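Fold and geometry: a report
As a plain string of letters, each chain reads:
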Amino acid sequence: MAATVTSIPEAILDLLLQTPTYMLFLVFIALSGLGLGAIFITLHLVAPKPRDPFPSEKTYITTNPDGSISSPRQLPCWYDRWRATSRLQQQTLKQYPTIPAGFPVPEDNGLIEPAEVAISVVIPAYNEADRILPTLQEMVEYLDEKFGRPASNGKGNSRPSSSGAALPVQHHRLVFNNSNKDKNNKSGKENTEDGEPLGGYEIIVVNDGSKDRTVEVALEFSRQHGLHDILRVVTLEKNRGKGGGVTHGLRHVRGEYAVFADADGASRFSDLGKLIEGCEDVVDGSNRGVAIGSRAHLVGSEVVVKRSAIRNFLMRSFHFVLMILTPPATSRIRDTQCGFKLFSRAALPHIIPYMHSEGWIFDIEMLMLAESAPATPVLSSDGSVIGTSYGIKVAEVPIQWHEVEGSKVNLVQDSIKMAIGLAVLRASWMMGVYRRRLT
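Structural notes, computed from the coordinates. (Residues numbered from 1 in each chain as written. Predicted model: local features only at pLDDT ≥ 70, side-chain atom pairs only at ≥ 80, totals over all residues. Heavy atoms only, no water.)

1. Here's the deal with the packing of aromatic side chains
Overall, the coordinates contain 8 aromatic pairs when judged by the stated rule. Aromatic side chains F260 and F343 sit 6.5 Å apart centroid to centroid with 25 degrees between the ring planes, which places their arrangement in the stacked category. Taken together, the residues span a long stretch of sequence, with F260 in strand β6 (residues 255-261) and F343 in strand β8 (residues 340-344) at a distance of 83 residues. The pair F260 / F343 is uniform in exposure class, with both members buried. With a centroid separation of 5.6 Å and 50 degrees between ring planes, the pair formed by F260 and F362 is classed as tilted. Of this pair, F260 sits in strand β6 while F362 sits in helix α11 (residues 362-371), placing them 102 residues apart in sequence. (Phe/Tyr/Trp six-rings, centres within 6.5 Å; stacked < 30°, edge-to-face > 60°. Helix = DSSP H or I, 4+ residues; strand = E, 2+ residues; numbered from the N terminus. Buried < 20%, exposed > 50% of the residue type's maximum accessible area, 1.4 Å probe, protein only.)

2. Quick word on the pattern of salt bridges
Tallied over the entire structure, the rule returns 17 salt bridges. Here R254 makes a salt bridge to E116, at a shortest N to O gap of 3.2 Å. You can see R254 sitting in the loop between α6 (242-250) and β6 and its partner E116 sitting in the loop between α3 (78-95) and β3 (117-125), a full 138 residues away along the chain. Among the salt bridges present, the one from K242 reaches D262, with a minimum N-O distance of 2.8 Å. (Salt bridge = Lys/Arg side-chain N within 4 Å of Asp/Glu carboxyl O.)

3. Things to note about helix α4 (residues 132-146)
The terminal C-alpha atoms of α4, which comprises 15 residues, lie 21 Å apart, in line with the 21 Å expected from a rise of 1.5 Å per residue. Within the sequence span of α4, burial applies to I132, T135, L136, M139, V140, Y142, L143, D144 and K146. Considering only its buried residues, α4 is in contact with β3, β4 (201-207), α5 (214-225), β5 (231-235), β6 and α7 (272-282). Looking one or two places after α4, you find G148, whose phi comes out positive at around 75 degrees. (Expected span 1.5 Å × (residues − 1). Contact = heavy atoms within 4.5 Å.)

4. Observations concerning the sheet that holds β8
Spatial strand order, β5-β4-β3-β6-β8-β7-β11: 7 strands in an open sheet with mixed pairing. Looking at the sheet topology across the chains shown, the edges are occupied by β5 and β11 (394-398). For this sheet, the mean inter-axis angle between neighbouring strands, taken without regard to orientation, is 20 degrees. The pairing of β6 with β8 spans 5 bridges and is classified as antiparallel. Of the residues in β8, the one forming a bridge with Y257 is S344. (Pairing = 2+ DSSP bridges. Axes fitted to C-alpha atoms, helices over the stretch in contact; angles between N-to-C directions.)

Here it is as structure tokens:
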């Protein structure tokens, strides 16, 4: 029996030696093709595919001036208009097949309707009744001071004071340049009808199927602070995960900037100004830019050291896997998972429509999509094109952060899921399962 077992490898070796080289090469190519085909089919089966929103998920509720809760109102949706425009563009190209080869028709429609307020804040919330209140308090105090509240027509930049008199709004520095804007608007940012920089804000709480009093707590806060039609609550009929909630909220923002922040308030919201400055430092000629909060500077501090050894080990292991599996710019980011990220409005159409991940790994897909965004011209100070900028630049900005009790992360289980999810995500983009296309 032992002799028979030994002879099998020898017989295989003899067969390989007797087989012509070209035949071995063809067999290798065939097996490789079968292997890649099997991987491609497997990815189609296991790769996440986000569901379409239900009609009720495109509505919101808020408080009325008399303290009552409003009936459901239709959410503004730049994404729906963008999608309709993109489909029309595709149909137009099909109707005119005589367009010369190489004609510069963009594959990625980056058009988006103008902003109505300065800042949109998206808060994904799942059973956050016990933690969302301090977060909302910090947000509103900062946003009232820096941007003011929108006027009754949905635009403006008035700011309430304790005496009832309007106070001037403290604007962040303006460094956008865009030759297509009015020459009087040197920043290239949206202005109100009277020429003033756009002010005001909105807060969109995306209730991801919570079973506690998250919605009631948010609406009571809105009632107490007069945030009528400023704080909007959107409820998802079925839980989608943090990534799904953030993506859904970002499809409906009206702000010149859109930021999402965790409901637990772990990130100091007053660092929003740092994110805006970071975004403006990397913005390109099409006003596209992303800034992300980073806790990397806290490594070695008491905040991180007092964590368990297993948590720090898993964190370092995930960063190692991330560095291997992600494209160059994303792999150099030291903290991809901080729940405090800001996007310029012009960056949204190049990221949000192509999102697939709805779990914890969604941050990385956003950064990968930013890195792979279509090129845009680089403009000189006189408006002439002097080059091309590939992708959307991402600024990693150090922020203040603290641990908050009540985390819903299962340390070991979610770490394993994130590693698997990252591998599936990267493979899906590399093999064409995910593409920049309308679905």
